[in-house]
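Spelled out, the chains give:
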Number of protein chains: 4
Amino acid sequence: MYTSETTIRVRYAETDRMNVVYHGNYAQYFEVGRVEAIRQLGFSYKDVEDAGVIMPVIEWTAKFLRPARYDDLLTIRTTLQHWPADHRINFLQEIFSDKGKLLTTGSVLLYFLQSATMEKTTMPAMMEEKLKPFFQ
Amino acid sequence: MYTSETTIRVRYAETDRMNVVYHGNYAQYFEVGRVEAIRQLGFSYKDVEDAGVIMPVIEWTAKFLRPARYDDLLTIRTTLQHWPADHRINFLQEIFSDKGKLLTTGSVLLYFLQSATMEKTTMPAMMEEKLKPFFQ
Amino acid sequence: MYTSETTIRVRYAETDRMNVVYHGNYAQYFEVGRVEAIRQLGFSYKDVEDAGVIMPVIEWTAKFLRPARYDDLLTIRTTLQHWPADHRINFLQEIFSDKGKLLTTGSVLLYFLQSATMEKTTMPAMMEEKLKPFFQ
Amino acid sequence: MYTSETTIRVRYAETDRMNVVYHGNYAQYFEVGRVEAIRQLGFSYKDVEDAGVIMPVIEWTAKFLRPARYDDLLTIRTTLQHWPADHRINFLQEIFSDKGKLLTTGSVLLYFLQSATMEKTTMPAMMEEKLKPFFQ
């Protein structure tokens, strides 16, 4: 299992007139969580794309337990529970308030695709090498 | 069952560098679908809020089957399959290309809350009256 | 002079906790205004890009006179006052409420660039042909 | 004069199909710059709102000199050049690449308004006290 945390500050633009973070903006928060989880492995998702693999989001779920509000400092926890053995990789994502309360949970399924052909592929070697130690 | 369709044109801002609509933006497309579904009943979601009831999104899921691209004219189909008997209302949402291909499916669960107290409530009378004929 | 109007409905996601449209979202409204102004000439901005010319925004200014609110039906007026003689094209953009009140004015400067080389170029032939009658 | 810097990482969602940051998203970057400039004074913009003063954006200009791209680490420099003597406050905003190249410049005019009445007011005492040392 590989788990990683990063923080994010809620922007004014991300709130709506209900005075909470607009639910659609959690897609960006989850994205930041995944991107920083990868960076903490020692390379960047941009490196992955530069190496010819893209990882589009194929499925997405989220449950909103408690609202996040303007200027809140949120912690995004991103967890890879299962070794991605084929073209699929699934992240568990959780968002916590600065008091440690769980606000949002979600699950995001992405595919590994070769950007040149859009054909399914498997995890790039650089990712496999860095992730392996967490799954032994 | 109540079903409704509306169209939306993909904006440049909604695309990302993968040259497709960023997955998080489907939350807005689904929102537009629900809002227009309600408007076609003869009142607006804004009327609902003005009457003291808000409908926050509690859960949403989406499957991205095929990408949507810049300037595409999409059809959003919003379906209420089951009568909302308590504080919950669940919409099935589908997005089609202008050629009728299914691009995205999703499901959005919202709650009815009294905005003054944030307590759970049931469907406002104006909505119940207009929806009833579709569930007989 | 060429002027064109289109309408847009304010989305929930576009409001912020001040209960008005977040100022940054007017960039998208202006964009929709320009895109529809071009479509009303008989081709699309997408056609322009497909023909190898991109039109990045180089400068934009806006004055926010009165707020727009959730579910408002806005009219976006887009005006090309001066013939674009070189690599620059400048649009005047105005947003009106459904009662005809001027809410926002802006000015957007774009360049014509060849997408292959990113070199400055002039207006594509298809645009020149359609715009000419308005400047004679 | 008061000047402040903060950094921001470009999100995937903020790019568009031109493979650069969509120009409208700079409004959010500038907002983050102002918010962190205020936080570095020892209070937050949220404190200002909680004290009954809102600061809506009234005018906005930006010049895009060079594009920012996905995953870039940008520095946002926010400068208050002139003492805000009445209901107006104007920030100069600049965005630099991680190599120190100037990418974007802008100017944002905000008003101080009493949120209860929406009447013009002057800088709140907490802001005046913290800013004064920089203008002597």
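Criteria and thresholds
Per chain, residue numbering runs from 1 following the sequence as it is written. Each chain takes a letter, starting from A, and each ligand takes a number, starting from 1, following the order in which they are written. With the structure being a predicted model, the display of local features is reserved for residues of pLDDT at least 70 and the display and counting of side-chain atom pairs for 80 or more, all residues being used for whole-chain, interface and lining totals. Superposing copies: least-squares fit, C-alpha atoms only, residues required to have pLDDT of at least 70 in both. Placing a C-beta atom from the backbone of each residue, one calls two residues in contact when those atoms lie within 7 Å. The numbering of helices and of strands both runs from the N terminus, where a helix is a DSSP run of H or I of at least 4 residues and a strand a run of E of at least 2. In the scheme used here, Gly and all other residues not listed as nonpolar or charged are polar, with Ala, Val, Leu, Ile, Met, Phe, Trp, Tyr, Cys and Pro taken as nonpolar and Asp, Glu, Lys and Arg as charged. Paired strands are those between which DSSP finds at least two bridges. Confidence scores here are pLDDT values: one per residue, from the predictor, ranging 0 to 100. A helix's residues, less one, multiplied by 1.5 Å, set its expected span. To sort residues by exposure, count the other C-beta atoms lying within 10 Å of each residue's C-beta; 20 or more gives buried, 12 or fewer gives exposed, and values between give partly exposed, all with C-beta atoms placed from the backbone. Axis definition: a line fit to C-alpha positions, over the contact stretch in the case of helices; interaxial angles, taken between N-to-C directions, run 0 to 180 degrees.

**Considerations on the relation of the copies chain B and chain A**
Moving on, step 1. Of the two same-sequence chains, chain B is brought onto chain A (RMSD 0.0 Å, axial shift 0.0 Å) by a rotation of 180°. Taken together, the rotation angle and the small translation identify this as a two-fold axis. Identified as the residue of chain B closest to the rotation axis by C-alpha distance is Thr61(B), at 2.1 Å.
Moving on, step 2. Comparing contact sets, 100% of the residues at the interface of chain B also lie at the interface in chain A, consistent with an isologous, same-surface contact.

**Regarding the interface of chain C and chain D**
Moving on, step 1. Taken together, the contact between chain C and chain D spans 15 residues of the former and 15 residues of the latter.
Moving on, step 2. Residue assignment for the side of chain C that touches chain D shows that the elements contributing at least two residues are helix H1 (26–39) and strand S3 (57–64) of chain C.
Moving on, step 3. Among the elements that make up the side of chain C that touches chain D, the one with the highest residue count is S3(C) (8 residues).
Moving on, step 4. For the side of chain C that touches chain D, the class distribution of residues is 9 nonpolar, 4 polar and 2 charged.
Moving on, step 5. Pairing geometry for S3(C) and strand S3 (residues 57–64) of chain D, over 5 bridges, is antiparallel. Bridging across to S3(D), Ala62(C) finds its partner in Trp60(D).

**Some remarks on the interface of chain B and chain A**
Moving on, step 1. Of the residues lining the interface, 15 residues belong to chain B; the matching set on chain A comes to 15 residues.
Moving on, step 2. At the level of elements, helix H1 (26–39) and strand S3 (57–64) of chain B are the ones that each hand at least two residues to the side of chain B that touches chain A.
Moving on, step 3. At 8 residues, S3(B) tops the list of elements feeding residues into the side of chain B that touches chain A.
Moving on, step 4. Of the residues belonging to the side of chain B that touches chain A, the class tally is 9 nonpolar, 4 polar and 2 charged.

**Quick notes on the confidence of the model for chain A**
It should be kept in mind that the predicted coordinates are not to be read in detail where pLDDT is low.
Moving on, step 1. Across chain A, pLDDT averages 97, with 100% of residues at or above 70.
Moving on, step 2. At the level of chain-chain contacts, confidence expressed as ipTM amounts to 0.96, with global pTM at 0.97.

**A closer look at helix H1 (residues 26–39) of chain A**
Residue and element names in this part refer to chain A.
Moving on, step 1. The terminal C-alpha atoms of H1 lie 20 Å apart, and with 14 residues this matches the ideal 20 Å at 1.5 Å per residue to within 8%.
Moving on, step 2. Counting buried positions over the 14 residues of H1 gives 11, a clear majority of the element.
Moving on, step 3. Tyr 26, Ala 27, Tyr 29, Phe 30, Glu 31, Val 32, Gly 33, Arg 34, Val 35, Ala 37 and Ile 38 are the residues of H1 that are buried.

**A short note on the sheet that holds strand S5 (residues 88–96) of chain C**
Moving on, step 1. If you trace the 10 strands from one edge of the open sheet to the other, you get S1(C)-S4(C)-S5(C)-S6(C)-S3(C)-S3(D)-S6(D)-S5(D)-S4(D)-S1(D), paired in antiparallel fashion. Only two strands of the sheet have a single neighbouring strand rather than two, namely strand S1 (2–9) of chain C together with strand S1 (2–9) of chain D. Averaged over all neighbouring strand pairs, the angle between strand axes comes to 15°, with direction disregarded.
Moving on, step 2. Summarising the sheet, S3(D) and strand S6 (residues 102–111) of chain D pair through 7 bridges and their orientation is antiparallel. By the bridge assignment, Glu59(D) is partnered in S6(D) with Leu109(D).

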